[in-house]
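What follows is the residue order along each chain.
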Amino acid sequence: MDVIIMAPALLILLGATVILRADSLSDKKSLLLPPTNFTIKVTGLSQVLLRWESNPDQEPVNIELGYHVRINAPQEEDYETRNTESKRVTVLHKGFSASVQTVPWNGQPLPPSRWVSAELKAPPGSPGTSIVNLTCTTNTTVNNHTPLRPYQVSLHCSWLAGKDAPEDTQYFLYYRYGSWTEECQEYRRDTLNRNTACWFPKTFISSRGSEALAVHANGSSKHAPIKPFDQLFALHAIDRINPPVNVTAEIEGTCLSIQWEKPVSAFPIHCFEYEVKIYNTRKNYFQTEKLMTNAFISIIDDISKYSIQVRATVSSMCRQMGFWSEWSQPIYVGSDDQKPSTEWFLIVLMAAICFILLIFSFICKTGHLWTRLFPPVPAPKSSIQDFFVIVSSEKTVSTETEIEVISYVEDPGFETLEDSVF
């Protein structure tokens, strides 16, 4: 009887066990396992290769798998990939570490695996001995020796010695672009004979490329291990564009016409923007215009001298915007004369005539010369005046007295003079 009663209970327990075991197996199949054999290997200057393998114990699942990679140092970065390796360009003098996990690739709601990590230790060296203030610039020149590469890029870098670097420290510089790595052969030294600048007249750098330029500097000393230093440069940020060439300008009446050719560069003509600077030397006035073409026309006055300069930059249509070039050498058009020569002659002549007349008038006024040269014309005598003259003549005794009376009547101004004489 007891066996009959216990049988259903045993069947229930057995069924529950089977169900739990099935659920457990289902959960086991749905779990994602982390990658294995995760390694980080240096493959070049400022370049590492991250490599891992899929977990061999991973149970088959009905979804595609991928990997989530997280760069922890020197800078945080996250990305996903289907591959089991990844190449990264980064600075390494501070060390490098990363982590990777398995994730569902097609967005299924399945939790990712746990992380696995790997690390590269920072290279050895005494603090304060690596170079500081590293700056680099590139410049494009014409390559006359290789027709397939009509342009070549030069590289110039400069730096300062570390504040704690011994006096006998010597630095060595390298660059890597793509698969090419070169060591500097032309150094410039400071007062302690330490390398502080480098010149690569020819490089394998492509001025139109988009890859980062990696620069590495290490050193040696008898007194301390010198810590290396890495730095990455974006080409658009360090490329020193050449100024435009063959700038010409001419004036026709009040029309100023300016033309030029694109800079020496591997970029085609449509990749440039320009600025034109027109300086009026007489009025001390600047005019600046931005253009997408290599010609400019402006209306000006025709009595001034002008200085013309042009500069260029690569536009955002062809790559990320960088710096402007230096201004081209100034060219001059126009004349400094404020008036035409004929007008100047007339102005000077009229001024001279006016000055002479003014001096002559002043002399005449001060010396009574005007009165002597042009005496006043006597006015006609009236009948009353004639009457007094006749009466006065009868009363005089001598001819001399008569003359005096007549003179008195005609010009009273002479009476005082004659009375004083006689």
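Owing to the predicted nature of the structure, the values given are computational and were not obtained by experimental measurement.

### Digging into the state of the cysteines
Stage number 1. The tally for this structure, following the rule as stated, stands at three disulfides.
Stage number 2. Each sulfur in the disulfide pair Cys-184 and Cys-198 lies 1.9 Å from the other. Across the S-S bond linking Cys-184 and Cys-198, the dihedral sits near 115°, which makes this disulfide right-handed. Of this pair, Cys-184 sits in the loop between β11 (180-183) and β12 (187-189) while Cys-198 is found in strand β13 (residues 195-200), placing the two residues 14 residues apart along the sequence.
Stage number 3. Its relative accessible area of 2% is what places Cys-184 among the buried residues.
Stage number 4. Paired through a disulfide, Cys-271 and Cys-318 show a sulfur-sulfur distance of 1.9 Å. Measuring handedness by torsion sign, the sulfur bridge of Cys-271 and Cys-318 sits at about -80° and is left-handed. Of this pair, Cys-271 sits in the loop between β17 (255-261) and β18 (272-280) while Cys-318 is found in the loop between β21 (305-314) and β22 (331-334), placing the two residues 47 residues apart along the sequence.
Stage number 5. Owing to a relative accessible area of 2%, Cys-271 belongs among the buried residues under this scheme.
Stage number 6. If the cysteines joined by disulfides in the protein are listed in sequence order, their pairing comes out as 1-2, 3-4, 5-6.

### Things to note about the sheet that holds β17
Stage number 1. Taken together, three strands build an open sheet; the order of strands is β16-β17-β20 and the sheet is antiparallel. Each edge of the open sheet carries a strand with a single partner, namely β16 (245-252) and β20 (295-299). Geometrically, the sheet is characterised by an average inter-axis angle of 15° between neighbouring strands, direction not taken into account.

### A word on the nonpolar core
Stage number 1. The biggest cluster of nonpolar side chains holds 25 residues, and the ones touching the most others in it are Leu-134, Leu-173 and Leu-213.
Stage number 2. Taken together, the elements giving at least two residues each to this core come down to β8 (132-142), β9 (151-160), β10 (170-177), β13, β14 (213-220), β15 (229-233) and α2 (235-238).
Stage number 3. The contacts of Leu-213, once residues within four sequence positions are left out, are Leu-155, Tyr-175, Arg-176, Tyr-177, Ile-205, Gln-231, Leu-232, Phe-233, Leu-235 and Ile-238.
Stage number 4. By size, the runner-up hydrophobic cluster in this structure holds 21 residues, among which are Cys-271, Val-276, Ile-308 and Val-314.

So, how was this worked out
- Residues numbered from 1 in each chain as written.
- Predicted model: local features only at pLDDT ≥ 70, side-chain atom pairs only at ≥ 80, totals over all residues.
- Heavy atoms only, no water.
- Disulfide = S-S within 2.5 Å.
- Helix = DSSP H or I, 4+ residues; strand = E, 2+ residues; numbered from the N terminus.
- Buried < 20%, exposed > 50% of the residue type's maximum accessible area, 1.4 Å probe, protein only.
- Pairing = 2+ DSSP bridges.
- Axes fitted to C-alpha atoms, helices over the stretch in contact; angles between N-to-C directions.
- Core = buried A, V, L, I, M, F, W, Y, C linked by side-chain atoms within 4.5 Å.
- Contact = heavy atoms within 4.5 Å.

Honestly, that's just the spatial picture; any functional story needs more than this.
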